[in-house]
Amino acid sequence: QVQLVESGGGLVQAGGSLRLSCAASGSIFAINAMGWYRQVPGKQREWVATITSGGITGYANSVKGRFTISRDNAKNMVFLQMNSLKPEDTAVYYCWVVAGAYDYWGQGTQVTVSS
């Protein structure tokens with residue numbers, strides 16, 4: 001089992017920045033990929049970014065060039081630096097971890113970008 005706790009969400013004006021953090025605990029020896037998804041009420045959860053255990057990253061086209069994912073393996077944490085935020089980035093952001101054969105999700109943190 002892996003437990004995930006996110007932090008760093010909040011309200012920011014368009015063009016601003018936020019940094020999300022996610023701390024993993026539990027069966028942390030089994031963690032492979034880590035990443036972020038987001039969801040707007042009434043819509044499906046959307047993939048944002050992933051980072052593998054080897055540090056390979058991938059981004060959704062909608063955030064490429066503005067968001068940067070990173071991880072600290074020593075602290076079992078994953079981060080999402082979000083720059084040049086737009087109102088359409090408003091969503092609940094979820095930390096996601098693949099550990100062994102299972103996916104784990106955090107409780108979500110709200111990001112609101114005002115125009």
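Colleague: Explain the overall build of the protein to me, please; I cannot follow it from the model alone.
Modeller: Of the regular secondary structure elements, the protein holds zero helices and eleven strands. Going from the N terminus to the C terminus, the protein shows its helices and strands as β-β-β-β-β-β-β-β-β-β-β. Expected size for 115 residues packed as a compact globule is a radius of gyration near 13 Å; at 13 Å, the protein falls within 12% of this value. Projected onto the principal axes, the alpha-carbon positions of the protein cover approximately 40 × 25 × 20 Å. Sequence separation of at least 24 residues holds for 53% of the intrachain contacts in the protein that already meet a minimum separation of 6. In the form shown here, the protein has an accessible surface area of approximately 5,900 Å², with 52% of it arising from carbon and sulfur atoms. Taken together, the 9 basic and 6 acidic charged side chains of the protein have centroids lying 4 Å from each other.

Colleague: How do you make sense of the pairing of strand S1 (residues 2-7) when you look at a structure like this?
Modeller: When a strand is regular, its side chains alternate between the sheet's two faces. Of the two faces of S1, only the one carrying Val2, Leu4 and Glu6 is buried; Gln3, Val5 and Ser7 on the other face are not. Sheet analysis places S1 next to strand S3 (residues 18-26), joined by six bridges and oriented antiparallel. Residue pairing in the sheet places Val5 in a bridge with Ala23 of S3.

Colleague: Could you clarify how one ought to interpret the pattern of salt bridges in this entry?
Modeller: Oppositely charged side chains can form a pair if their charged atoms are brought close together. Tallied over the full model, the rule gives three salt bridges. Notably, a salt bridge pairs Arg38 with Glu46, separated by 2.7 Å at the nearest N-O pair. Put simply, Arg66 and Asp89 hold a salt bridge, and the shortest N to O gap is 2.7 Å. Residue Arg66 is located in the loop between strand S6 (57-59) and strand S7 (67-72), and its partner Asp89 is located in the loop between strand S8 (77-82) and strand S9 (91-99); the two are separated by 23 residues in the primary sequence. The class of Arg66 is buried, set by a relative accessible area of 11%. Classification of Asp89 by relative accessible area gives buried; the value is 0%. In this structure, a network of salt bridges that share partners links the residues Arg38, Glu46, Arg66 and Asp89.

Colleague: Help me out: how do you make sense of the side chain of Thr50 in this one?
Modeller: Inspection of the secondary structure assignment puts Thr50 in strand S5 (residues 46-51). Of note is the side chain of Thr50, whose polar atom sits 2.6 Å from the side chain of Trp47. Excluding residues within four positions of it along the chain, Thr50 makes contact with Ala33, Met34, Gly35, Ile56, Thr57, Gly58, Ile69 and Trp96.

Colleague: Would you explain the side chain of Asp89 in this entry?
Modeller: Within the structure, the side chain of Asp89 is placed 3.0 Å from the side chain of Arg38, a separation counted as a polar contact. Only 2.8 Å separates the side chain of Asp89 from the backbone nitrogen of Lys86, close enough to count as a polar contact. Residues within four places of Asp89 in sequence aside, it is in contact with Arg38, Arg66, Phe67, Ser84, Val111 and Val113.

Criteria and thresholds
Residues numbered from 1 in each chain as written. Predicted model: local features only at pLDDT ≥ 70, side-chain atom pairs only at ≥ 80, totals over all residues. Heavy atoms only, no water. Helix = DSSP H or I, 4+ residues; strand = E, 2+ residues; numbered from the N terminus. Rg over C-alpha atoms; globule rule 2.2 N^0.38 Å. Contact = heavy atoms within 4.5 Å. Areas by Shrake-Rupley, 256 points an atom, 1.4 Å probe, with all protein chains shown as cover. Lys, Arg positive; Asp, Glu negative; His and termini not counted. Charge placed at Lys NZ, Arg CZ, Asp CG, Glu CD. Buried < 20%, exposed > 50% of the residue type's maximum accessible area, 1.4 Å probe, protein only. Pairing = 2+ DSSP bridges. Salt bridge = Lys/Arg side-chain N within 4 Å of Asp/Glu carboxyl O. Polar contact = N/O pair within 3.5 Å; in protein donor to acceptor, adjacent residues only side chain to side chain.

Read these as spatial facts, not as claims about activity.
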